[in-house]
Amino acid sequence: MKILFLYHNEQAKELAKQLESKGHILILWKERLSVENLETLCPERVLSYTYRYIISNEVIGFCKYPIINLHISYLPWNRGADPNFWNFMENTPKGVTIHQIDGGIDTGKIILQKELFFDEEKETFASSYQKLNEEIMSLFLGNVENILANAIRGVETSSKGSYHNKKELMEFRKKHPFSWEEGIADLKRSVL
């Protein structure tokens, strides 16, 4: 299957390699996506993982199948940016979610999700981020053929939950500088 793989960081390339090893043809894409791009590239499916742009309603409507997003939060909690940071700072459920992209930010139908638990005394933000990414890739790869075949019925998500944008973390870091290698419990004790 020819998949347009929308990504931003190197973490996502590992998933791309795994998909290629399963015989899928991947087109890696980091730029803002348009209908014109889709017309030129002619992908059979579109997959988003770490992608930094909001996908337009025009692009969503053009696709014959739902665009699939891999998100490292337990939706509806921590939609948007930096979910790994906010789920600890706000004590919200932690986990990973595979969902369809709709016109909102991380509000589409949930295909699969898995709740995770962390010992904040032993974890850093970096180590928890790594574990979340390993879990989302495992969940996706364990179900990839059913997901790509659109064989799993999506479930509407709650309108409750939380949302964060990039500016919020920048503002937090101005007041409370920290390292991603810092212990989660240590940072929480120092600021909360």
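Undergrad: Which residues make up the pattern of salt bridges, and what are the values?
TA: Inspection of every chain in the model, using the stated rule, returns nine salt bridges. Residue K174 is joined to E171 by a salt bridge in which the shortest nitrogen-to-oxygen separation is 3.3 Å. Here E171 and K174 lie together in helix α7 (residues 166–175), a separation of three residues that amounts to about one turn. Sharing partners across several salt bridges, the network here consists of E121, D186 and R189.

Undergrad: Could you give an account of the sheet that holds strand β4 (residues 68–71), with specific residues and numbers?
TA: Strand order in the open sheet formed by six strands is β2-β1-β3-β4-β6-β7, with mixed pairing between adjacent strands. Single-partner strands in this sheet number two, and they are β2 (25–29) and β7 (110–116). Taken over all neighbouring pairs, the strand axes of this sheet differ in orientation by 15 degrees on average, direction set aside. Across five bridges, the pairing between strand β1 (residues 2–7) and strand β3 (residues 45–49) is parallel.

Undergrad: Break down the side chain of S162 for me, with residues and values.
TA: By the element assignment, S162 lies in the loop between α6 (144–148) and β8 (163–164). Within the structure, the side chain of S162 is placed 2.8 Å from the backbone nitrogen of N78, a separation counted as a polar contact. Beyond its immediate chain neighbours, meaning those up to four positions away, S162 contacts P76, W77, N78, R79 and E90.

Conventions and cut-offs
- Residues numbered from 1 in each chain as written.
- Predicted model: local features only at pLDDT ≥ 70, side-chain atom pairs only at ≥ 80, totals over all residues.
- Heavy atoms only, no water.
- Salt bridge = Lys/Arg side-chain N within 4 Å of Asp/Glu carboxyl O.
- Helix = DSSP H or I, 4+ residues; strand = E, 2+ residues; numbered from the N terminus.
- Pairing = 2+ DSSP bridges.
- Axes fitted to C-alpha atoms, helices over the stretch in contact; angles between N-to-C directions.
- Polar contact = N/O pair within 3.5 Å; in protein donor to acceptor, adjacent residues only side chain to side chain.
- Contact = heavy atoms within 4.5 Å.

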